Amino acid sequence: MKTRKIKHILAATFILTMAACGGGESAPAGPPGASGAAAGGAGKSTAKLFTAADITMGDIDQGMVDKGRGIYDMKCQACHSLGANRVVGPGFKGILERRKPEWIMNMILNIDAMLETDDEAQRLLEECLVRMPNQGLSKSDGRDVLEYMRTL
Amino acid sequence: MNKSFKITGIVIGFSAMAFLMMNSPGCRPGTTRTAVTGDAASRVYVAPGTHDEFYNFVSGGFSGQLAIYGLPSGRLLREVPVFSVDPESGYGFSEETKPMLTTSHGFIPWDDSHHPELSMTNAVPDGRWCFINGNNTPRIALIDLGTFRTHSMIEIPHSAGNHSSPFATPNTEYVVAGTRFSVPVGSEAERDVPINTYKENFKGSVSFIKPEPETGKMSIAFQILTPPVNFDLARTGKGASDGWFFFSCYNTEKAYSLLEVNASQRDKDFIMAVNWKLAEQLAKEGKGKRAPGKHYSNWLNEHTHTVESTIYEDVLQLDYREHPGLLYFMPCPKSPHGCDVNPTGEYIVGSGKLAALLPVFSFKKIQEAIASKDFEGDFVGIPVLKYESVLHGEVKKPGLGPLHTEFDANGNAYTSFFVSSEIVKWNVEKLEVLDRVPTYYSIGHLMVPGGNSAKPWGKYVVAYNKITKDRYLPTGPELTQSAQLYSIDGDKMELLLDFPTTGEPHYAQAAPADLIKPREVKFFRIEDNHHPWVAKGEKESGIERRGRNVHIKMTTIRSHFTPDNVEGVQLGDTVYFHVTNLEQDWDVPHGFAIKGAANAELLIMPGETATLKWVPTKVGVVPFYCTDFCSALHQEMQGYLRVSPRGSSVPLKAYTVSVDAEL
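Read on for a plain summary of the structure. What you see is a predicted model, and the numbers here were worked out from it, not measured in a lab. Note on numbering: residues in each chain are counted from 1, in written sequence order. All chains are assigned letters beginning with A, and all ligands numbers beginning with 1, in the order in which they are written. Local features in this predicted model are restricted to residues of pLDDT 70 or higher, and side-chain atom pairs are both shown and tallied only at a pLDDT of 80 or more, whereas totals for entire chains, interfaces and linings draw on every residue. By convention in this description, side-chain values take in all heavy atoms of the structure and omit both hydrogens and water.

### Let's talk about the overall build of chain A
A tally of helices and strands in chain A yields seven helices and zero strands. To qualify as a helix, a DSSP run of H or I must reach at least 4 residues; to qualify as a strand, a run of E must reach at least 2; elements of each kind are numbered from the N terminus. Listing the helices and strands of chain A from first to last along the sequence gives α-α-α-α-α-α-α. Taken over 152 residues, chain A has a buried fraction of 51%. Contacts in chain A between residues at least 24 apart in sequence constitute 61% of all its contacts with a sequence separation of at least 6. Surface summary for chain A: the accessible area is close to 7400 Å², and the carbon and sulfur share equals 54%. Under the scheme applied here, a residue whose accessible area is under 20% of the maximum for its type counts as buried, over 50% as exposed, and between as partly exposed, the area being computed with a 1.4 Å probe on protein chains only. Throughout, a residue-residue contact means that at least one pair of heavy atoms, one from each residue, lies within 4.5 Å. Computed with the Shrake-Rupley method and a 1.4 Å probe, the accessible areas treat only the protein chains shown as cover for residues.

### Some words on the interface of chain B and chain A
Reports of interface size often rely on the accessible area that becomes lost once the parts have come together. Across the boundary between the two partners, chain B contributes 28 residues, which contact 32 residues of chain A. Values labelled buried area give the accessible surface lost by two parts on being combined, using a 1.4 Å probe and summing over both. When chain B packs against chain A, the two sides together hide about 2500 Å² of surface, and 62% of this comes from carbon and sulfur. Glu527 of chain B serves as the salt-bridge partner of Lys75 of chain A, at 3.0 Å between the closest nitrogen and oxygen. Residues were grouped as follows: Ala, Val, Leu, Ile, Met, Phe, Trp, Tyr, Cys and Pro as nonpolar; Asp, Glu, Lys and Arg as charged; and all remaining residues, including Gly, as polar. Looking at the side of chain B that touches chain A, its residues break down into nine nonpolar, eight polar and eleven charged. Within this document, salt bridges are pairs made up of a side-chain nitrogen of Lys or Arg and a carboxyl oxygen of Asp or Glu, the two lying within 4 Å of each other.

### What to know about the side chain of Asn275 of chain B
Residues and elements named next belong to chain B. Locating Asn275 in the fold gives a position in strand β16 (residues 268-275). Relative accessible area serves as the criterion here: at 16%, Asn275 is assigned to the buried category. Once you skip the residues sitting within four places of it in the chain, Asn275 turns out to touch Gly243, Trp244, Gly325 and Leu326.

### Considerations on unusual backbone geometry
Residues and elements named next belong to chain B. Cis geometry is found at the peptide bond from Leu71 to Pro72, where omega equals 15 degrees. For Pro72, the position within the fold is in the loop between β2 (66-71) and β3 (76-80). Of note, the amide linkage connecting Arg558 to Ser559 takes the cis form, showing an omega dihedral of 5 degrees. A positive phi angle, close to 50 degrees, is found at Asn122, a residue other than glycine. As for its placement among the helices and strands, Asn122 is situated in the loop between β6 (117-121) and β7 (124-134).

### Brief notes about the sheet that holds β3 of chain B
All names here are of chain B. With antiparallel pairing, the four strands of this open sheet are ordered in space as β3-β2-β1-β34. Only two strands of the sheet have a single neighbouring strand rather than two, namely β3 and β34 (508-512). Pairwise comparison of adjacent strand axes, ignoring direction, gives a mean angle of 20 degrees for this sheet. For two strands to pair, DSSP has to find at least two bridges joining them. Two strands pair when backbone bridges link them, and strand β1 (residues 54-59) and β34 are joined in this way by five bridges, in the antiparallel orientation. Residue pairing for β34: Asn56 is matched across the bridge by Ala510. All axes are obtained by fitting lines to C-alpha atoms, using only the stretch in contact for helices, and the reported angles, taken between N-to-C directions, cover 0 to 180 degrees.

### Looking at the environment of Val183 of chain B
Residue and element names in this part refer to chain B. Tracing the chain through its elements places Val183 in strand β11 (residues 183-184). Linking Val183 and Lys517, residues 334 residues apart in sequence, is a C-alpha distance of 43 Å. Aside from chain neighbours lying at most four places away, what touches Val183 is Ala160, Asn201, Phe202 and Lys203.

### Overview of the pattern of salt bridges
A complete count under the given rule lists 40 salt bridges over all chains for this structure. Note that Asp73 of chain A and Lys539 of chain B form a salt bridge whose closest N and O atoms lie 3.3 Å from each other. With Asp73 of chain A in helix α2 (residues 62-76) and Lys539 of chain B in the loop between α10 (513-516) and β35 (542-546), the pair connects residues from two separate chains. Taking the relative accessible area as the measure of exposure, Asp73 of chain A reaches 16% and is therefore buried.

### Looking at the sheet that holds strand β28 (residues 422-427) of chain B
Residue and element names in this part refer to chain B. One open sheet holds the four strands; their spatial order is β26-β27-β28-β29, and the pairing between them is antiparallel. Both edges of this open sheet fall to β26 (402-407) and β29 (433-438), since each of them pairs with a single strand only. Geometrically, the sheet is characterised by an average inter-axis angle of 20 degrees between neighbouring strands, direction not taken into account. In terms of strand pairing, β28 meets β29 through five bridges, oriented antiparallel. By the bridge assignment, Val424 is partnered in β29 with Arg436.

### Some remarks on the pairing of β34 of chain B
The buried fraction of β34 of chain B amounts to five of the five residues, a majority that puts the element mostly inside the structure. Here β34 of chain B shows no split at all, with Ala508, Ala510 and Pro512 of chain B on one side and Gln509 and Ala511 of chain B on the other all buried.

### Thoughts on the side chain of Asn251 of chain B
Residue and element names in this part refer to chain B. If you trace the backbone, Asn251 turns up in the loop between β15 (244-250) and α6 (259-262). Counted as a polar contact is a pair of N or O atoms within 3.5 Å, where, for protein atoms, one must be capable of donating a hydrogen and the other of accepting one, and residues adjacent in sequence contribute only when both atoms are in side chains. Of the polar contacts made by the side chain of Asn251, one reaches the backbone nitrogen of Ala255; its length is 2.7 Å. Once you skip the residues sitting within four places of it in the chain, Asn251 turns out to touch Tyr198, Pro228, Val229, Asn230, Leu259, Ala263 and Asp269.

### Re the packing of aromatic side chains
Any two rings among Phe, Tyr and Trp, with Trp reduced to its six-membered ring, count as a pair given centres within 6.5 Å; such a pair is stacked if its planes are under 30 degrees apart, edge-to-face if over 60, and tilted if neither. With the rule as written, the count across this model stands at 31 aromatic pairs over all chains. For the pair Tyr174 of chain B and Phe208 of chain B, a centre-to-centre distance of 5.9 Å together with 80 degrees between the ring planes defines the contact as edge-to-face. Taken together, the residues span a long stretch of sequence, with Tyr174 of chain B in the loop between β9 (149-155) and β10 (175-178) and Phe208 of chain B in strand β12 (residues 202-211) at a distance of 34 residues. Over a ring means this: the NZ of a Lys or the CZ of an Arg is within 6 Å of the ring centre and within 35 degrees of the ring normal. In this structure, Arg99 of chain A is placed above the aromatic ring of Trp103 of chain A, and the distance from its NZ or CZ to the ring centre is 4.5 Å. Note that Lys522 of chain B overlies the ring of Trp586 of chain B, its terminal NZ or CZ placed 4.9 Å from the centroid.

### Describing the nonpolar core
Only buried Ala, Val, Leu, Ile, Met, Phe, Trp, Tyr and Cys residues count toward a nonpolar core, and they belong to the same one when joined by side-chain atoms within 4.5 Å. Counting 30 residues, the largest nonpolar core has Phe208, Phe222, Ile224, Phe245 and Phe247 of chain B as its most contacted members. A total of four residues in this core trace back to one element, the largest contributor, which is helix α7 (residues 276-284) of chain B. One finds Tyr72, Ile95, Leu124 and Leu137 of chain A within the second-largest nonpolar core, a separate group that totals 25 residues.

So far we have only geometry, and geometry alone does not tell us how the molecule works.
Here it is as structure tokens:
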């Protein structure tokens, strides 16, 4: 059930009207033609955002860290340095000192909703001038990346 | 003086045209104003942000492509490159796609495409694939409607002018390819014969091509050799006539020169009926012979994003003379184009381009005539059925120059008339003309959504016209071709819309958007990319020298390339840019272009890898950049490659300077 819910959120984020990423399953109907990422977010996103209660963090899980590093290398590193400086998006060094875990998860997985509702996300867009790409991560992928970030 | 002369000339020209139009039969309402009803605009209006109801797949004719329009708006949504190279996408230019256009004649970057055909399940379009023919260098292509890309292509041996294709059997077991030109076949000595030995040495062929249901790879299951006639169009039987195939043919005179006259001598040519279930059985039983006939079958490996070729050296042939019962001829007046089967499969409508009537044949009567050997003779060994015995009836004086017929779900047929420029609606059972509307001008094929299938969706008929004089703003001596959309919801056909088309829109298919939209691929999963030169992340980017070839594994993402600095390339090297787009988001392709490229650019879809071959010609630093606008920093998406003289000691390296490095 949980997985299905996440898929729903992703689908709504990704493109409001159409089928979910690659899978061909139907997403809830939204305004036709409203494209999220490329066109600049024409429609209002109704995606549910993660809250602190959705994320539990215990001791560092090395298995998750390793998976998170692999995902970072493939899908994040092109735009985010592990250092302090911005490439396209901000550098990751010390990110958990600046950002709450749920905010990071939402930026990875619910970017359209964040750009509509979150002032800090909007401020970052004004600074970076490139919308955070939807890299097709699942919730557990996002969580693995977060775990990797905890070690930076 | 000069000026007024010119003006007079123009006025005379226009009056002559108006006079002709007013007086030619079937072209009575001379202007759009009188032809369009008041609410036409609202009936084709698709509001911003909303989608059309139908996808319309329209042949690109001599452009060699397939164009996709929305109906009822007539908006052009995409041109899919099929038989012609396409600089916009790099199709036919990238190393991955070049094999798609490779044939036994070498690389053929153009063709003349005619007839789109949607794949079928139970004789109804299933929205999975669209086939189209290359008429010039005989080929059939399969376009995947998940990606709207050409997925596979097969060359047809022993064929010359692949006109009567590709038409699909009810479950897409086969699509057919009938040769337009009969030609001598066989060994080199058998092919090198005087043209005036046509009657003795020339042969026709129809090929049955099998697309593998899972992979879409195509092969020729069998080929039937026929007498030397010219095949024009074809239709599968379905329902009552399932298991049979019908091909219209002309030049039963066996002329080989000035066919305009010499192939129009007989009052009747033929529709050839093929018992394809029998042919399939004979082929399976090993009754055919393998004949030499080298041909390519090319298909896109979705895991490597690369086209692969299988080269066949021969083809299985069935000779009609050895297999009685395989082929029959039905006389059909005169030079038939369309031979169209109605939704029940009982009736076959012949459209003789030079005939003043429309013959409708009955499948039941055809079977009875075959059973009782009710033949009027034979044609080069093939039994010819008696015209009167197989005829359901004729539509008398329907118009001039009938070409092609499609059907609605209510027992009506719609036939295009080239010479009288009109669409005529008539009842198939009763053979009565019900309505006629003019087209602007010289209609070829027409199309009803699903109108060639067992369950037409009806609603519209679209005319695909050869001429558009006075319909659009003039653009020099050449004008765009045109399509016209008519409503067929009511008793009377109503013109709703004109829209321009590219190439010559020979034929088309349409299917409801809901059948196709859910299949759309949004991006390729980077995890599933098994291209030999993929870089799954910037860390895997790099450079490698293999002799005089330099391979660069490069990545793209909004808004940079990695690497964006390359040095150590020398004159005399050939450089291969293997570019992987790391994006995983719908509609974020990146382009790659480099100064002096002799081929084209690349357009790389999210998660895809594509390769551009580049041969430097000068020493110096050469820029490359992204061609497809991707973000506010798109203009900054660029890089440099340094070319040194041959034998230079500059070390080979490719790098991107880290933002954390001291600049």
